[in-house]
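# Notes for the structure review
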Amino acid sequence: MKADSNEQALLKGLANNDSRAIETIYKDNFNTIQAFIVNNNGSYDDARDIFQEAMIALYEKAQSESFVLTCQIKTYVYSICRRLWLKRLQQLGKYTNQVDSLEETIPVEEDLDNHEKRNAAFAIMDRAMNSLGEPCKSLLEGYYLKKLGMQELADEFGYTNADNAKNQKYKCLMRLKKLFFAQYNIGE
């Protein structure tokens, strides 16, 4: 069973950062999530955090060409939020049942696991970038984030030509890769 065309349009809007689609999903779902979390040892801020994580997970899925929503968006979002909240309660020692034995939810474990792994990798990359030092950090940010060309980088960083900037970028990238995998492999 595929979700109806309105739900598909909302997902497409979410994938394209359409503020109306995001607002609609928020309006249609947040109050339910807030009530669930507040009624289960949580606060309004907890509800906002959990809902935001669920929206990010849904956004990442909506961006995937292969993702097919087989239920309503509210069911999917509720399942993600419920699992995230119960997992957090379990970590805080306020919930003793196994999260894996939940009923009345759709299976989103794999989606959440992938989302959590990606978040962990981003955190490691952020630490690696911060420990990289200058000028490497600025050089890589200039190339990958600001989308500057090699000649622009050469001018900005005082290299004699674009080829020297390219060589330096490569060396910086190798240092970053080494830092990243050193932290990634020890499970930090």
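The structure contained in this document is the topic of the report that follows. Since the model is a prediction, treat every value here as computed from it, not as a measurement.

Disulfide: a covalent bond connecting the sulfur atoms of a pair of cysteines. Summed over all chains, the structure comprises 1 disulfide. Residue Cys-136 pairs covalently with Cys-172 via a disulfide, S to S 2.1 Å. Its S-S torsion of about -70° marks the bond between Cys-136 and Cys-172 as left-handed, since a negative value means left-handed. With Cys-136 in helix H6 (residues 136-145) and Cys-172 in helix H8 (residues 162-185), this residue pair connects regions lying 36 residues apart in the sequence. Assigned by exposure class, Cys-136 and Cys-172 land together as buried.

This next bit is on the nonpolar core. Here is a general trend for soluble globular proteins: nonpolar side chains tend to be buried in one another's company. Core analysis: the biggest nonpolar cluster contains 30 residues, and Ile-73 and Val-77 have the highest contact counts within it. Elements represented by at least two residues in this core include exactly helix H1 (5-15), helix H2 (19-38), helix H3 (44-63) and helix H4 (73-91). Of all the elements, H4 adds the most residues to this core, at 9 residues. Those residues in contact with Ile-73, other than ones at most four positions away along the chain, are Glu-7, Leu-10, Leu-11, Ile-25, Asn-29 and Leu-58.

With 20 residues, H2 should reach 28 Å at 1.5 Å per residue; the first-to-last C-alpha distance of 27 Å fits that figure. At Asn-29, H2 shows its maximal bend, which comes to roughly 40°. On its buried face, H2 sits against H1, H3 and H4. Measuring from the side-chain oxygen of the N-cap residue of H2 to the backbone nitrogen of Arg-20 gives 3.2 Å; that N-cap residue is Asp-18.

This part is about H1. Residues of H1 that are buried: Glu-7, Leu-10, Leu-11, Gly-13, Leu-14 and Ala-15. At its buried positions, H1 is contacted by H2, H3 and H4. Once H1 finishes, Asn-17 follows within two positions and takes phi at roughly 60°, a positive value.

With omega at 0°, the peptide bond leading from Glu-134 into Pro-135 counts as cis. Within the secondary structure, Pro-135 sits in the loop between helix H5 (109-132) and H6. With phi around 60°, Asn-17 is a residue other than glycine that occupies positive phi space. At Lys-147, a residue that is not glycine, the phi angle is positive and equals roughly 60°. Classification of Lys-147 as exposed rests on a relative accessible area of 65%.

Cut-offs used in this document
Residues numbered from 1 in each chain as written. Predicted model: local features only at pLDDT ≥ 70, side-chain atom pairs only at ≥ 80, totals over all residues. Heavy atoms only, no water. Disulfide = S-S within 2.5 Å. Helix = DSSP H or I, 4+ residues; strand = E, 2+ residues; numbered from the N terminus. Buried < 20%, exposed > 50% of the residue type's maximum accessible area, 1.4 Å probe, protein only. Core = buried A, V, L, I, M, F, W, Y, C linked by side-chain atoms within 4.5 Å. Contact = heavy atoms within 4.5 Å. Expected span 1.5 Å × (residues − 1). Bend = angle between axes of the 7 residues up to and from the residue. Polar contact = N/O pair within 3.5 Å; in protein donor to acceptor, adjacent residues only side chain to side chain.

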